[in-house]
Amino acid sequence: MLGLQRFAGSMVQQLYRRAAYSSNLRTMATGSSSQPADAVVPDTAARTPVAEAAAKKPKGQMVAAAFESLKNDSPLKDDKRSLASSSIDDRIVNAKTVNGLLAITENNTAFSRKHALKIVSILAEWSTVDRVKISEFENDTRFLRICRMLGRTMPKNGAGNGNAKTPVESTGTSKRISGFRTDDLNTVLGVAGDDEAAKLIASISLPQMVKVMSTLAQRKRRSTPLLRSLAFNISSASETLDLKQSADVLYAMSTLNFQDSVLGAKVCADVQAALPKNLDKSAVVGSIITSLGILRYRDLDILESLTQWLVKNSEICRPQDVSAYFLTSALLNFKSSQLEDVSNKLMKSIVREDFTKQSEWLSFVWSLTMLGLVEQSHLASVLGPDFLEQLKKDKAGVTATSKMRLLNLNSYAQLLATDYKGPLLAADSPVYQVPMAHTKAKQVLVNGMLDALKSLLPASNHVQTSVDSKMGFLIDALCHFDANKNPLPLDKENPKAIKVALMVIDFHDICHGSHRSASGVTNLTFDLLEKSGYHVIPVPYNEFSTSDKLLKRVQYLESKFKAIESSK
């Protein structure tokens, strides 16, 4: 009975803790926040049972199908099949007893897997609320036939739907619904409704759950109900994922942009357990590292374990796996406690010739700047006049991302690098001609900040918006103040003015996971601004909301300006 109840039970609602970015410099704190529209947020609404959902379907489907057949040129046989299927749907919805449901399976050539799934779902719902007992139908040959339809591979033409034999050859199988295992993963991936498919997840094994998740990623099918069901059931499994399964789950999460802190914690714990046993597989480690970076999932324990594995097995590591480590570490703002070993054994094992694309070498050098490991030879290799010509030979050419990273590096060489004597980008370099724009969700936050800012400043010449820093990023708002806390016009030179840069921090500018923090890119941006003489005011999404009244937003910015003056 527990198996059937689990088979149809409502999904446990998972609320992963949202990251909170503190505007007090770059200290992170956990708290309630409102995420932007494009963030992945768990749904807190309870799922409607299948029976209730089906009851809401429009009536008169047979009549509609009949009129449709008059307009279409499809064969009469297809129309009859459609009418028969609609008739079965209506009978399932209107059935009030177990016998009424199971009788639908008899002598019905149009009966399909979709109908079988609906019947099992309804029976499971009834048993969950004690409307019926499993003992009333678990040995019924009609019910066993349904289980067989859902539990074995069916021909693509569906011929098995109407011809499955009702007698059970083996009394040891199918007697308990807890023994039901869907070997045909298309049963899960091909059912009509995502909510119905999600209910099947609890009935399959852990390796099959991983396969379903991998297939969703391959098909780029981001089914939220199915993903949440998979996340819950994989996280709840007592079995441990092996390294390959962990890599597959993380790959699917990163490909589908699916954030789930509970699943992430489960996978990271299993990776840590399996990692010491891996003696020769660098590729799977590289895959895990890459996925963590894409997800912006920051767990210091797993990152330290991965670092130890790479240092210990540096001789068998592929260059692309090592470079993935540096890029992920930079994005996640992670500096290992073994930084000296990382520099000596890993960084120095990478040479420019290891990369087939110039953009990959650029990304590697860019990541080293955020980790504080970049050397003058690295900077000179990408800031020299010949590198841009080589970059143009890449299949993708000189992309906007490459230009912004070059501008980051050019500014780093001038402002943060120690005694850099190498080449810099020419003042008229085409790299400076790069289009930059925020995502729609971030632009909404920026606009909300600007509305509040205009209420604080006396005239439009006291603020500049979307300023191209020439360092590879936009300054959301720029304003000047004097020592007496008065705003100054920007069109007049004032050497004693306090330059203030307001930077909106949205959901994608921070790292998530068990150890939240500003991303490495965000930190680099702030470092460059501060070295350029700006006082940076972060405006994080969890503290500043466009849903707040204008007065509250104005008071928020005013308090930030007062804090600047008091610190001077």
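Just above, that's the structure.
Remember, predicted model here, so these are calculated numbers, not experimental data.

Draft legend 1. Structural detail: the overall build of the protein. Of regular secondary structure, the protein possesses 25 helices and seven strands. Per-residue burial for the protein yields a buried fraction of 52% across its 568 residues. For the protein, restricting intrachain contacts to residue pairs at least 6 apart in sequence, the fraction spanning at least 24 positions comes to 73%. When the accessible area of the protein is evaluated, it comes to approximately 27,200 Å², of which 51% is carbon and sulfur surface.

Draft legend 2. Main features of the environment of Leu-241. With respect to the helices, strands and loops of the structure, Leu-241 is situated in the loop between helix H12 (224–236) and helix H13 (243–255). The exposure class assigned to Leu-241 is buried, which follows from its relative accessible area of 1%. In the structure, Leu-241 is positioned 34 residues away from Pro-207 in sequence and 8.3 Å away in space, judged by C-alpha atoms.

Draft legend 3. Just the side chain of Ser-323, in detail. Along the polypeptide, Ser-323 turns up in helix H17 (residues 319–331). Once you skip the residues sitting within four places of it in the chain, Ser-323 turns out to touch Ile-350, Phe-355 and Phe-364.

Draft legend 4. View of the nonpolar core. Membership of the largest hydrophobic core comes to 128 residues, with the highest contact counts inside it found for Met-213, Phe-326, Leu-502, Leu-557 and Phe-561. Ranked by the residues each element gives to this core, the list is headed by helix H19 (residues 358–371), at eight residues. For Phe-326, the contacting residues outside a window of four places in its chain are Val-342, Leu-346, Met-347, Phe-364, Ser-367, Leu-368, Leu-371 and Leu-373. Of all hydrophobic cores here, the second largest spans 22 residues; its members include Ile-104, Phe-111, Ile-122 and Val-132.

Draft legend 5. Summary view of the pattern of salt bridges. Counted under the stated rule, the structure contains nine salt bridges. Between Lys-392 and Glu-389 there is a salt bridge, with the nearest N and O atoms lying 3.4 Å from each other. Note that Lys-392 and Glu-389 are positioned in helix H21 (residues 385–392) at a spacing of three residues, about one turn of the helix. Judged by relative accessible area, Lys-392 falls into the partly exposed class, the value being 45%. Taken together, the shared-partner salt bridges connect Glu-106, Asp-140 and Arg-142 into one network.

Draft legend 6. Just the packing of helix H11 (residues 206–218) against H13, in detail. Contact geometry for H11 and H13: axes closest at 9 Å, N-to-C directions at 35°. When you trace H11 past H13, the crossing you get is left-handed. In contact with Pro-207, Val-210, Met-213, Ser-214 and Ala-217 of H11, H13 contributes Gln-245, Asp-248, Val-249, Tyr-251, Ala-252, Met-253 and Thr-255. Of the residues contributing to the contact of H11 with H13, the split by class is eight nonpolar, three polar and one charged.

Draft legend 7. Local environment of the layout of surface pockets. As a volume, the largest pocket reaches approximately 1,000 Å³. In this structure, the largest pocket is lined by 40 residues; those nearest its centre are Arg-296, Lys-442, His-508, Asp-509 and Val-521. Those elements giving two or more residues to the lining of the largest pocket turn out to be H13, helix H15 (282–295), helix H22 (400–415), strand S2 (474–481), strand S4 (498–505) and helix H24 (520–531). Tallied by class, the residues present in the lining of the largest pocket amount to 20 nonpolar, 13 polar and seven charged. The space that makes up the second largest pocket amounts to roughly 360 Å³. The wall of the second largest pocket is formed by 17 residues, among which Gln-320, Ser-323, Ala-324, Leu-327 and Glu-360 lie closest to the centre. Secondary-structure elements contributing two or more residues to the lining of the second largest pocket are H15, H17 and H19. Counting residues per element, the lining of the second largest pocket draws most heavily on H17, which supplies seven residues. By residue class, the composition of the lining of the second largest pocket is seven nonpolar, eight polar and two charged.

Draft legend 8. Region of the structure containing helix H16 (residues 300–312). Taking 1.5 Å of rise per residue, the 13 residues of H16 would be expected to cover 18 Å, and the 18 Å separating its terminal C-alpha atoms lies within 8% of that figure. Buried within H16 we find Ile-302, Leu-303, Glu-304, Ser-305, Leu-306, Thr-307, Trp-309, Leu-310 and Val-311. Capping the start of H16, Asp-299 holds a side-chain oxygen 3.0 Å from the backbone nitrogen of Asp-301, two or three residues further along.

Draft legend 9. Representation of the packing of aromatic side chains within the structure. One pass over the full model with this rule turns up nine aromatic pairs. Centre to centre, the rings of Phe-481 and Phe-561 are 4.8 Å apart; their planes meet at 45°, and the pair counts as tilted. Taken together, the residues Phe-481 in strand S2 and Phe-561 in helix H25 (residues 550–567) connect sequence positions 80 residues apart. Grouping residues by exposure puts Phe-481 and Phe-561 together as buried. A cation over a ring is seen here: Arg-405 above Trp-366, with NZ or CZ 4.0 Å from the ring centre.

Draft legend 10. Summary view of the environment of Lys-403. Relative to the elements of secondary structure, Lys-403 occurs in helix H22. When the C-alpha positions of Lys-403 and Pro-435 are compared, they lie 9.6 Å apart, and in sequence the two are 32 residues distant. For Lys-403, the contacting residues outside a window of four places in its chain are Val-398, Pro-430, Val-431, Gln-433 and Val-434.

Draft legend 11. Highlighting H13. With 13 residues, H13 extends 18 Å from end C-alpha to end C-alpha; this agrees with the ideal 18 Å at 1.5 Å per step. What H13 keeps buried is the set Leu-243, Gln-245, Ser-246, Ala-247, Val-249, Leu-250, Ala-252, Met-253 and Ser-254. The N-cap of H13, judged by a side-chain oxygen 3.1 Å from the amide nitrogen of Lys-244 a few residues on, is Asp-242.

Draft legend 12. Structural detail: unusual backbone geometry. For Asn-333, which is not a glycine, the phi torsion comes out positive at approximately 55°. By secondary structure assignment, the location of Asn-333 is in the loop between H17 and helix H18 (339–346). On the basis of relative accessible area, Asn-333 is assigned to the partly exposed category, the value being 22%. Its identity is not glycine, yet Ser-466 carries a phi of approximately 45°, on the positive side. With respect to the secondary-structure elements, Ser-466 resides in strand S1 (residues 464–468).

Quick notes on the rules
- Residues numbered from 1 in each chain as written.
- Predicted model: local features only at pLDDT ≥ 70, side-chain atom pairs only at ≥ 80, totals over all residues.
- Heavy atoms only, no water.
- Helix = DSSP H or I, 4+ residues; strand = E, 2+ residues; numbered from the N terminus.
- Buried < 20%, exposed > 50% of the residue type's maximum accessible area, 1.4 Å probe, protein only.
- Contact = heavy atoms within 4.5 Å.
- Areas by Shrake-Rupley, 256 points an atom, 1.4 Å probe, with all protein chains shown as cover.
- Core = buried A, V, L, I, M, F, W, Y, C linked by side-chain atoms within 4.5 Å.
- Salt bridge = Lys/Arg side-chain N within 4 Å of Asp/Glu carboxyl O.
- Axes fitted to C-alpha atoms, helices over the stretch in contact; angles between N-to-C directions.
- Left-handed = near helix turned anticlockwise from the far one by under 90°.
- Nonpolar A, V, L, I, M, F, W, Y, C, P; charged D, E, K, R; others polar.
- 1 Å grid on protein atoms, 1.4 Å probe; cavity = no way out; pocket = protein on both sides within 12 Å on 5 of 7 lines; lining within 4 Å.
- Points joined across faces, edges and corners; volume = space filled by probe spheres on them.
- Expected span 1.5 Å × (residues − 1).
- Polar contact = N/O pair within 3.5 Å; in protein donor to acceptor, adjacent residues only side chain to side chain.
- Phe/Tyr/Trp six-rings, centres within 6.5 Å; stacked < 30°, edge-to-face > 60°.
- Lys NZ or Arg CZ within 6 Å of the ring centre and 35° of its normal.

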